[in-house]
Amino acid sequence: VPVEYAIKRLYGVTMNVPVLDPTVEVLRVVLGARLIESKENHHRFMIGVGNDEAEVNIIADPSLPHSRQSAGSVHHIAWRVKDDPAEEEWQKQITERGFTPTEVIDRFYFHSIYFREPGGILYEIATDNPGFTVDELPEKLGSALVLPPWYEPHRAKIEQLLPSISIPGIG
C-alpha cells in the first residue's frame, strides 16, 4: 500500500462498561495506564510510551448489560509487546494478579495471549514478531492476498467472498 494510503496507527479505543471500577483496576494496576482526565462518566487514560502510547476512553453507563460478543461489537482489544520474552512476562504478571490468561497462541505472524477483565472485555497481548514479512518481501506487502498456512485450503472460497478493490497507483 503506498505510504499516503497506509494506516499509520490507531490512536485509541473507547470502551463502554456498566461498572467502572473493575475495568479501571485492570487498566491501572495490571496494564499500567495513567488517568489523564475524568468528567462525569467519561474517563480518559493513556497507556504505553512514545510511539506505543495509546488513549483508552471508558464510558461508564450502569444501564448497559454485561459485555458479550455479537454483531456490531468489537471482539477484543489488542496490546502489542516487542517479543516472546516480553509476552511471557505479561502472562506471568496477569496470572499473579488473579487472571487466567491463555497459553501462547501461534498466529503465524505474531504470538498472542488473551485474558478477560471483570467487565467482560477481552484483551489480547500480541508480539511484533515474527511479523508480516515472515512469508512476504517488504516491498510486496499488500500487493496480494497472503494467508497463514491453515487458511490456504480455503483460499478459493475466501477470494470469492472478498470484494474487488482498486487503489490508485496499485490497480
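Coordinates for the structure precede this section.
Q: What is the right way to look at the overall build of the protein in this model?
A: In terms of helices and strands, the protein carries three helices and eight strands. Element order for the protein, N to C, with α for helix and β for strand: β-α-β-β-β-β-α-β-β-β-α. Projected onto its principal axes, the C-alpha coordinates of the protein cover approximately 50 × 35 × 35 Å. Counting all 171 residues of the protein, 29% fall into the buried class. The contacts in the protein between residues at least 6 apart in sequence include a share of 48% that link residues at least 24 apart. Both charge centroids of the protein, one from 16 positive and one from 25 negative side chains, sit 4 Å from each other.

Q: Quick question: what am I supposed to make of the nonpolar core here?
A: What tends to happen in soluble globular proteins is that the nonpolar side chains get buried as a cluster. Of all hydrophobic cores here, the largest spans 25 residues; its most connected members are L27, I58, W79 and Y123. The leading source of residues in this core is helix α1 (residues 20-30), at five residues. When near neighbours in sequence (up to four residues on either side) are disregarded, W79 contacts L27, L31, I47, V56, Y123, E124, I125 and A126.

Q: Teacher, can you tell me more about the pattern of salt bridges here?
A: Opposite charge on two side chains makes pairing possible when the charged atoms of those side chains draw close. Applying the stated criterion across every chain yields a total of seven salt bridges. Across the pair E37 and R44 runs a salt bridge whose closest N-O atoms are separated by 2.6 Å. Among the residues examined, E37 registers a relative accessible area of 28% and is labelled partly exposed. Measuring nitrogen to oxygen at the nearest pair gives 3.1 Å for the salt bridge that ties R44 to E55. Here the residue R44 occupies a position in strand β3 (residues 42-47), and E55 occupies one in strand β4 (residues 54-60), the gap between them amounting to eleven residues. Given the relative accessible area of 15%, E55 is considered buried. Through salt bridges with shared partners, a single ionic network connects E37, K39, R44 and E55.

About the criteria used
Residues numbered from 1 in each chain as written. Predicted model: local features only at pLDDT ≥ 70, side-chain atom pairs only at ≥ 80, totals over all residues. Heavy atoms only, no water. Helix = DSSP H or I, 4+ residues; strand = E, 2+ residues; numbered from the N terminus. Buried < 20%, exposed > 50% of the residue type's maximum accessible area, 1.4 Å probe, protein only. Contact = heavy atoms within 4.5 Å. Lys, Arg positive; Asp, Glu negative; His and termini not counted. Charge placed at Lys NZ, Arg CZ, Asp CG, Glu CD. Core = buried A, V, L, I, M, F, W, Y, C linked by side-chain atoms within 4.5 Å. Salt bridge = Lys/Arg side-chain N within 4 Å of Asp/Glu carboxyl O.

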